[in-house]
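Next come the chains, spelled out residue by residue.
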Amino acid sequence: MTIIQFPKDMKWGVATASYQIEGATKEGGRGLSIWDTFSKTPGKVVNGDNGDVACDSYHRYEEDVELMKELGVDTYRFSVAWPRIFPNGVGKVNQEGLDYYHRLVDALIENDIEPMCTLYHWDLPQALQDKGGWANRETIDAFVSYSELMYKEFSGKIKKWITLNEPWCISFLSNYVGIHAPGNQDLQLATQISHHLLVAHGKSVLKFRELGIDGEIGFAPNTTWLEPYSTRQEDIDACNREIGWYIEWFMDPVYKGTYPEFMVEWFKKKGVELEIQDGDMETIQQPIDFLGINYYTGHIARYKENEGLLDWELVEMNYDRTDIGWPIYPDGFYNVLTRIKDNYGDVPIYITENGSCYNDEPENGVVQDDGRISYFEQHLTALHRAMESGVNIKGYIIWSLLDNFEWAEGYTMRFGIVHVNYRTLKRTPKESYYWLKQTISNNWFET
Ligand code: NCW
């Protein structure tokens, strides 16, 4: 038996995202988002599911806050639906949208839960997509106006801000792989979008500083780990490319003001050329207060000529997988965090998402999600090891408080520590919720 003990000032939180939980898509003056359009396009989402009702958190946020209070977390990471604030992306502000987030934030503060606000977790106003979306640099300005309004409106109430959630997903998954909204399959476009996102992030941080807002700001890239199958250089290089696509592609510009040469070269080989305007790299390299890291899975891989974009293939090692099919690879979590420390030094890090998909259902009112408990044990152990190696971890935020609309998977994949019955909207805390409650209150657990 080993005790894994966390520092006294460790923050514990849960996370959600607007389109995945709010529902009420036609209420409160909200405009359309690209996910309304995408989910209603036949063939894009499993079972033709959409976020019209989701967890109905727009109406049931008080119950959700109650669940957090009972769990004992001190942080709630949520996202704002941009089309609730600007139904057309720019222009007229929708007061009802602001009112909703005031009600939510006030309820959190009353319960001693600190709000951590993500400005963009994928629900772009459709009106902006109609003009090219993130491929159009006007969307950068629209994002800065939207973030400026939010900073001013919630100044003094929200002290932790995240500009973008998972810029890799916003650019490459949505515009190259094409399985998320808006669903393009164009590498040149996707890569250019990744640059526009970073400029939008940098400009938003600049605005935050210019306004002198009291608080901290960062962004939250998604990460993964590929372990080379052999010590052959080509296997090592192939894995490095995949890891670099998530880590260095998005973090080097922010921390170093340059794109990683090995990736620029690779993209060039694939016919991709970035258009970078004067001043862009300086804008992107604004100092941030913390880095948000999302980590879920890793793989073993080896070089394979002309396989996919980055010339690698998976090697099946029979690792356990979660119900969404992602291998469980806690060493990858440690490796990602130490690679970031090696690259960028002692940057403060919040784990802004970590969690797992298990589709256990209630039996006699109990959801026995042992797989999820084991996942938390393994990943918290890896996190602790990283902390002992000197990685500056400030907090751990669980994805997710609730089962919710899992994008292209619709409602078939459940990441919540609280079960949601999508017919009755009843919330049932799972066994992992009670395990976490104990762990959070102790600030340690035993393995
Ligand atoms: S889909 C995804 N997720 C899940 C989602 O619920 C959350 O909103 C996201 O922040 C859980 O955490 C993130 N991430 C994308 C995973 C990439 C899938 C790669 C497919 C490659 C073809």
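Residues numbered from 1 in each chain as written. Predicted model: local features only at pLDDT ≥ 70, side-chain atom pairs only at ≥ 80, totals over all residues. Heavy atoms only, no water.

### Describing the overall build of the protein
On a plain count of helices and strands, the protein comes out with 16 helices and 14 strands. The C-alpha atoms of the protein give 21 Å as radius of gyration, which agrees with the globular expectation for 447 residues (22 Å, within 12%). Its C-alpha atoms put the protein at 60 × 55 × 45 Å along the principal axes. The contacts in the protein between residues at least 6 apart in sequence include a share of 77% that link residues at least 24 apart. Of the roughly 16,800 Å² of accessible surface on the protein, a fraction of 46% belongs to carbon and sulfur atoms. (Helix = DSSP H or I, 4+ residues; strand = E, 2+ residues; numbered from the N terminus. Rg over C-alpha atoms; globule rule 2.2 N^0.38 Å. Contact = heavy atoms within 4.5 Å. Areas by Shrake-Rupley, 256 points an atom, 1.4 Å probe, with all protein chains shown as cover.)

### Looking at the packing of aromatic side chains
Under the definition given, this model contains 44 aromatic pairs. Between Trp168 and Trp245, the aromatic rings sit 5.2 Å apart at their centres with planes inclined by 90 degrees, giving edge-to-face as the arrangement. Of this pair, Trp168 sits in helix 8 (residues 167-177) while Trp245 sits in helix 10 (residues 233-246); the two residues are 77 residues apart in sequence, bridging distant segments of the chain. For the residue pair Trp168 and Trp245, the accessibility class agrees, reading buried in each case. (Phe/Tyr/Trp six-rings, centres within 6.5 Å; stacked < 30°, edge-to-face > 60°. Buried < 20%, exposed > 50% of the residue type's maximum accessible area, 1.4 Å probe, protein only.)

### Topic: the pairing of strand 10 (residues 349-353)
With five of five residues buried, strand 10 is to be regarded as a mostly interior element. Bridge count for strand 10 against strand 11 (residues 393-399) is three bridges, and the pairing is parallel. Bridging across to strand 11, Tyr350 finds its partner in Gly395. Following the chain from strand 10 across helix 15 (residues 370-388) to the adjacent parallel strand 11, one finds a crossover that is right-handed. (Pairing = 2+ DSSP bridges. Right-handed = clockwise from strand over helix to strand, strands pointing away.)

### Here we look at empty space enclosed by the protein
In this approach, a probe sized like a water molecule rolls over the atoms, and the result shows the empty space that is left. If you walk through the whole model with that rule in mind, you get two cavities of 30 Å³ or more. Taken as a whole, the largest cavity encloses approximately 80 Å³ of empty space. Lining the largest cavity we find 15 residues, and of these Thr16, Ile21, Tyr76, Tyr100 and Leu104 sit closest to its centre. When contributions to the lining of the largest cavity are tallied by element, the ones reaching two or more residues are helix 1 (18-21), helix 3 (57-71), strand 3 (75-79) and helix 5 (95-110). Of the residues forming the lining of the largest cavity, the biggest block, four residues, is contributed by helix 3. (1 Å grid on protein atoms, 1.4 Å probe; cavity = no way out; pocket = protein on both sides within 12 Å on 5 of 7 lines; lining within 4 Å. Points joined across faces, edges and corners; volume = space filled by probe spheres on them.)

### Considerations on the confidence of the model for the protein
Across the protein, the average pLDDT comes to 98, with 100% of residues at 70 or higher. The ipTM value of the predicted complex is 0.92, and its pTM value is 0.98. (pLDDT = per-residue confidence, 0-100.)

### Describing the packing of helix 14 (residues 330-344) against helix 15
The N-to-C vectors of helix 14 and helix 15 enclose an angle of 25 degrees; their axes lie 8 Å apart at closest approach. With respect to their mutual orientation, helix 14 and helix 15 come out roughly parallel. Seen from above, helix 14 lies across helix 15 with right-handed handedness. Counted together, Pro330, Asp331, Phe333, Tyr334 and Leu337 of helix 14 and Gln378, His379, Ala382, Leu383, Arg385 and Ala386 of helix 15 form the full contact between these two elements. For the contact of helix 14 with helix 15, the residue count by class is seven nonpolar, two polar and two charged. (Axes fitted to C-alpha atoms, helices over the stretch in contact; angles between N-to-C directions. Parallel < 35°, antiparallel > 145°, perpendicular 65-115°, else oblique. Left-handed = near helix turned anticlockwise from the far one by under 90°. Nonpolar A, V, L, I, M, F, W, Y, C, P; charged D, E, K, R; others polar.)

### Considerations on the pattern of salt bridges
In total, this model carries 29 salt bridges according to the counting rule given. The residue Lys304 makes a salt bridge to Glu307 at a minimum N-O spacing of 3.7 Å. Residue classification places Lys304 among the partly exposed residues on the basis of a relative accessible area of 37%. The residue Lys430 makes a salt bridge to Asp403 at a minimum N-O spacing of 2.8 Å. Taken together, the positions of Lys430 in the loop between strand 13 (427-429) and helix 16 (431-442) and Asp403 in the loop between strand 11 and strand 12 (418-420) put the pair 27 residues apart, joining distant regions of the chain. By relative accessible area, Lys430 is classed as buried at 0%. Given the relative accessible area of 0%, Asp403 is considered buried. Overlapping salt bridges bring together Glu148, Lys152, Lys207 and Glu210 as one network. (Salt bridge = Lys/Arg side-chain N within 4 Å of Asp/Glu carboxyl O.)

### So, helix 10
Residues separated by three or four positions in an α-helix point in the same direction, a consequence of the helix having 3.6 residues per turn. The terminal C-alpha atoms of helix 10, which comprises 14 residues, lie 20 Å apart, in line with the 20 Å expected from a rise of 1.5 Å per residue. The set of residues buried in helix 10 consists of Asp235, Ala238, Cys239, Arg241, Glu242, Ile243, Gly244, Trp245 and Tyr246. (Expected span 1.5 Å × (residues − 1).)

### So, the layout of surface pockets
Computed from the structure, the largest pocket encloses a volume of approximately 1,000 Å³. If you trace the largest pocket, you find 42 residues lining it, with Trp168, Leu173, Tyr246, Thr297 and Trp326 closest to the centre. Within the residue set of the lining of the largest pocket, elements represented by two or more residues are helix 8, strand 7 (222-228), helix 10, strand 8 (290-303) and strand 9 (312-314). For the lining of the largest pocket, the class distribution of residues is 23 nonpolar, eleven polar and eight charged.

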